[in-house]
Each structure stands twice: as structure tokens, then as C-alpha cells.
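# Structural description and commentary
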Amino acid sequence: MLAMSPFERFSNLPTSGLYKPETEKDACGLALVATLRGTPGHDIIQTALDALRNLEHRGAIGSDAGTGDGAGILIQIPDAYYRQVAPSDLPAVGLYGVGLVFESNDSATRSDEREKFAALALKEQLEVLFWRDVPTNPDVLGSIARTAMPFIGQVFVKSTAGLAGIELERHLYRLRRASEKTIGIYHPSLSSKTIVYKGMVTTLQLEPFFTELSDPRMVSTLALVHSRFSTNTFPSWPLAHPYRMIAHNGEINTIRGNRNWMKAREAQLQSDVMGDIESLKPVITKGASDSASFDEVLELLYLAGRSLPHAMMMMIPEAWESQLEIDPARKSFYEYHSLMMEPWDGPAAVIFTDGELAGATLDRNGLRPGRYLVTEDGLVVLASEAGVVDIDPSKIVRKGKLQPGKMFLVDTVQGRIIEDEEIKSQIAASEPWDSWLSDNRINLRDLPEREHIAHTSSSVNRRQRTFGFTDEELRILLKPMATNGTEPLGAMGSDTPIAAISDRPRLLFDYFVQQFAQVTNPPLDSIREQVVTSLSTGIGPERNLLSAGPNHAQQVIIDFPALSNDELAKIKHIDEMPGGGEAFVVRGLYRLSEGSAGLENRLLEIYADVDQAIDDGITYLVLSDRDSNRDLAPIPSLLLTSAVHHHLIRTGRRTMVGLVVEAGDVREVHHVAALVGYGAAAVNPYLALESVELMIREGRIQGVSLDQASKNLISALGKGVLKIMSKMGISAVSSYSGAQCFEVIGLNQD
């Protein structure tokens, strides 16, 4: 039985009202301090705390004028200090793990939970050495923080099998995950390399609260600090930064999609080095913020065998798609990994460490600042703004700012700064990414052309009536897109009633309203910033995220999220290409005479059909509402798509197939965006395309050929989706897919 999420247990979040914990986001201040001299010192910790205090304006304070949204510090384990304060002897450096623990304030409950923790440790070949009460001073806190404050203990564990290094880290990770899932206590960290001190404090309260941070015996060669500003949300003790590997300033706009896709990938996760993966699921903890979820996925990628920079490049890739001067090997790396994982997209400055390497990166748009300096004695400071520490300018030998998509890395062991080009060149050369792509990737445009099928005017007109097409939509929406290849312009305002109170039947799409970037989250200019955007994506099954090989590249690459009828025909017949896979068409129709009950039953039948198709080895699902008649009505494509998408996520099969929608009710950009946003990889608006063809044959559209009109319509829909993504600050359509960036007005929760 799963315990209450520690993110919920150790907070004072409201249990009713408009608050939604899944919208937890941050806009914060952060700093990284490290030394190249090779020896740890208390000066690094003090410099980091000074930087944190100077970031006070980047955090938030509650109504009691003493409760912060959160602040914290991550440092290397101060081994010498712990040996002096420990009640018993410790193993050699690197042979034990330690971490703070947020526990129950009830002593009996705490004792019981510690016994359970010790039992879990034994299952992971670990032994609890002792517990220690962390010295704290609650008097400096505000009343809200004191009310929510957990008991803060510290646990020391060792390996009973003599494990050290990354092997010990993996066992500590498994113990921590089991502890949080089954007991419900929260571990800011549990590691043999680093330790995190954090809480619902202000930047000025962190050091006075954790009194041992002032002890000169506390030493480190690196430190990460963070001041949290929780955007339109509520603070809590566990949601303070840093997390186990990162601190983050920004907002991950695609977080709902990222979480859904990670849940979908869990069914295929396998790793020889991580042991039983089932016990680690779910990878993402309920109630976590966007930053906490990012940290959980990053940590898994790192512990499963990838280097920390490699994992960061997977999750926050630079804008590689349109760069003309990018190294081909690096471009192949990014393209290969784009078929494994979508970017965690949004304005972001992330500092990260594994206890030896410490670095920072910006999102592809550079929408969060990052300034750094290096002094002549090897001090490195990187922060969300300049001037966080007082340093004599004459001692500064280098300074600059992080560039969009670039990485800044400090190796505290080798005592040097590793440049972005060197890091990424090494990783790009680590595997034959390019040959894996060229041997397995399929470009849709390279597939054999199919015979074009033209439909009669009576057939098109009948289906236009079925799907509620109006003459106004044909003239004002479809005609301009087919003629010019761009979305038609319209007034900013709309005086039509919202769908929920309209007297006329409305499409399901009309109940969904697009979200847009707000507060600290800037939108993009989809025209002038086109170089950082991408509409290209892969369709097809995804493989095990924790491994890499040629088979991971076996997907069909499309240029736009909208497909022409001829392009869809290529996918339907992809089995004619050796190694291309096989497509299965799902009929999205239900018996009209059976009403809503018949619709619900038909969805259940579709679930069974889809499951059987996947069991039979199908790799592409085409959800189609073609062939409706007086008895069989089309299921709204948005309902059909979202239902199948989430069914496959629940059953752990979503990443086994590519999802394409053949929809007759789609005739404008918003419809395509909604379908992509709720899980479709691509959309074929077949009736809109056939309507354009009919208008050309009837002379209602002139000056453009049938083929060009189809291309123009597809291009207009694609560009329109890009414009919508940009309003939300999302750059890549692969990140927008499944992100569900919509507000729903007038539909029942069920």
C-alpha cells in the first residue's frame, strides 16, 4: 500500500477550492559556487550563503512576514565534521550514505517509521548506523512555517556488501524511493556524495535555522543555493530547492505532458544496473512540483548509466533543428534522443551536480538569466543575476553569461571548467548516433507515393452535413488556408456565446480554451523566433528509455503535425515497406440508436480492439471516423483520441504505438492543436482537404492546383499550431503533444 505523498504530508496545502497541486511552478533565484583549487573549504559554503542572502528579493514571503516559499543549499558531505559530531564511528569516506529526513513530530510515530526504514534498508543490502537530530532553531521561522514544520532528523547508513561509488548511490536511491512510497517520510537527499539542507524558510533564515551551517568544520568544494518563488501556488517544506541533483529557476510549460509520457514509458523501463524497476514506480511522485518531477527523471537517467551532462542534454536540448552551423554529430545525437524523449520545455535556468561535476544550462530560448565569473584563485560563481557576491573586480579573470541552450560545467576533481563544445562533442561521439538514424529512421516523404482518391461532390456534401460544416467555415477558414497557406486573420474579440451556454449544437473542441503564457512566463514570437521552434516529430513505438541502440530510431519522421490524405495512406500501408511496422485502423463510430450508453460501450470495445492490436504486433494506430451513416455516428475525434491515449497510458502501452487521427470534424487550427495536445502525434483533416478539392473543382477557389491547395492547407494548419504553442511558450511540437495546455469550460469532470 502506498503511503501519502511526502509532498502532501509535509505541507499546509488547501484541500478544497481552486488550488491545483499539479500547477506548482517556480520563478526563483539560484546560485552555484565552486572552487577549482581541489580542496574543500568552509569559504565555499559561506560564499554560497552570502549569495543566497543577496537573492532575498527573488523569493516570496507569506502574510505572517516570516514564512518563506523555500530556500536551501546543497553541498558535498562534510565528512570530517560528521565524524566529530557522530555518536559512533563512521566507515571510510564514500562507504556510507547520509541524508536529512522530514519526519512526524509524534515521537511514537517517528520511532515506528524509523523501524520500518531500517527494515527497508536491509532489503537493499544497507544497514542503518544511527539517527541524529539535526540542530535547528524554529524561533527564526514564521508562524505558518512552524505550523507545517516536520521533525528534521538525519540518518546514516552503510552497505552490508561493501558497495561504494555509483553502486552505493543506486542502492541509496532505491531505499529512498521505497521509504517515501511505503512510509511517507521525505528525504531532501540520501547520498554518499552530497547533502541538502532546505525548508520553508526565507533566504535570511536558512543559516540561522540550520545552525550547523555556520560551523567552520562544514566544508565543500561546491554548493548550490536556491530562493523559491512559487508562482501562484503554495509553499511547502519538501518543495523547497535544491532537490537531489538540481535547482531550477523557471516554469516547465509542458509538465503535464512530460509526466504523462513518463508514466507511459514506465512499462518498458529495464536496467541491468538498477535492479527491480517495478519497485521504483511511479518514477514521478504525486504532488511534486514541475522542478521536483524534472529532478526525479534526471536522477533516474543518471543512475541508470548516463552521465549527468548527457541526461541534461536529453531533457533540455538546445535548438538543434534549424541550426545551420551545428556539428553534424551533435545534431544526430539530438535527433536520436528526440525519438526517445520530448523536451521538458519552458523558460529554465537549471544548476545541477552529481557531487563532483557542477554545472548549469539554459533552455533553448534563453528565457532565464545566468551570469558567471571566475577569479584568479579559482572561485567560480554562477547565479541568476550578477552581483550576488562581493568580489574585487581586479581578481576576476573571466566573466560572461550563459547562452540559450548552452552548458557551463565545472569539474571540481580535475579543477577546470569544461566548455560547452567539449562536453557536447564528447557525448556526441560516444555512440554511432548518425548510423543508427540513417539505418532505421523513415522519412514520410521518402515512402512510395499512393494513388490519390477523389470523392464525388455528393459524398463530400453528405459528410459535410454529418460533421456540421457551414458555408461560412468553407469561405472564411478553409478557402484562405488553401489559397495562401496561412491561417486567416480575424478580430481579437468574439461576441459568440461560449459553447456551454450556446443555444446551438457545438463541437467538443469548442469547450476547450487554449492556455497562454502568463506571470513570469513569456510567450514566443513564432515568426521572428522560428529558429528555436520545431514542428517535426517522430511517429511510432518508443523503446526502453534507460538504454540506447539502433532500434530506438525506428520511427516515421513527419514535417508537420497535420497530414494530407495521401500522406496518411502511406502510413496505413507502411507494412509494405520492410521493417516499417504495421498500421491498424480503429473505427471511431457508434450506434446512434443506443445514445450515450452506446457511445460509452463503444469506447470500451475500442479499448479491447486496441489492446488486441498491440498484442498482435501493431505499431501504428489510426483513429478514424470515416464511413459514418444513418446508423453509425462518428465519435467526436477529441473524445476518441484522449480516451485511447489515456487508456494506453493506464495500461502501460502508450509508447508501443504511434497515434494518428483521421478526423472529419477538424477544419481549423484549434482543432488540430487540441488533438495534438491530448495525445495525437499527427492529424489528418480528411474532410477539410476533400472540401477544398471540391471547391476547386466547382471554381470556388481559383489560381491554385489541387496538389498545391492541399499542401497550403497542411502548412497553414501546422503554422497555426506553432503559433498556439508559442503563446504558451512551447517550442517543440513533441513537447506540446499530450501536454493538455487547455482550460475546459462547461464539461462535467466525469
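A short tour of the structure in this document, coming up. (Residues numbered from 1 in each chain as written. Predicted model: local features only at pLDDT ≥ 70, side-chain atom pairs only at ≥ 80, totals over all residues. Heavy atoms only, no water.)

### Observations concerning unusual backbone geometry
The omega torsion across His241 and Pro242 is -5°, close enough to zero to call that bond cis. Cis geometry marks the peptide bond from Lys281 to Pro282; its omega dihedral reads -5°. Note that Pro282 resides in the loop between helix H8 (255-265) and helix H9 (290-303). With a phi close to 60°, Gln125 is a non-glycine residue in the positive phi region. Its location among the elements puts Gln125 in the loop between helix H4 (107-123) and strand S4 (126-133). Gln125 sits in the partly exposed class, given a relative accessible area of 38%. Despite not being glycine, Asp627 has its phi angle at roughly 70°, a positive value. Structurally, Asp627 is set in the loop between strand S22 (620-624) and strand S23 (632-634). Here Asp627 falls in the exposed class, since its relative accessible area comes to 51%. (Helix = DSSP H or I, 4+ residues; strand = E, 2+ residues; numbered from the N terminus. Buried < 20%, exposed > 50% of the residue type's maximum accessible area, 1.4 Å probe, protein only.)

### What to know about the pattern of salt bridges
One pass over the structure, following the stated rule, counts 46 salt bridges. In this structure, Glu207 and Arg53 form a salt bridge, with 2.6 Å as the shortest nitrogen-oxygen distance. Separated by 154 residues along the polypeptide, Glu207 in helix H7 (residues 206-209) and Arg53 in helix H2 (residues 42-53) bring together distant segments of the chain. Its salt-bridge partner being Arg217, residue Asp215 comes within 2.8 Å of it at the nearest N-O pair. A relative accessible area of 17% means that Asp215 is categorised as buried. We classify Arg217 as partly exposed; its relative accessible area is 34%. (Salt bridge = Lys/Arg side-chain N within 4 Å of Asp/Glu carboxyl O.)

### Structural notes on the sheet that holds strand S16 (residues 442-443)
The strand order across the open sheet formed by three strands is S16-S19-S18, and the pairing between neighbours is mixed. The open sheet terminates on both sides in strands that have one partner only, identified here as S16 and strand S18 (537-539). In this structure, S16 lies alongside strand S19 (residues 556-558), joined through two bridges in parallel fashion. Counted as the bridge partner of Ile442 is Val556 from S19. (Pairing = 2+ DSSP bridges.)

### A look at the environment of His646
Within the secondary structure, His646 sits in helix H18 (residues 637-650). What makes His646 partly exposed here is its relative accessible area of 22%. Each C-alpha atom of the pair His646 and Gly679 lies 8.2 Å from the other, and the pair is 33 residues apart in sequence. Apart from the residues within four sequence positions on either side, His646 is in contact with Asn260 and Gln740. (Contact = heavy atoms within 4.5 Å.)

### Comments concerning the environment of Ala429
Tracing the backbone shows Ala429 in the loop between helix H12 (420-428) and helix H13 (433-440). For Ala429, a relative accessible area of 63% gives the class exposed. Expressed as a C-alpha distance, the spacing of Ala429 and Ser332, which sit 97 residues apart in the sequence, is 10.0 Å.

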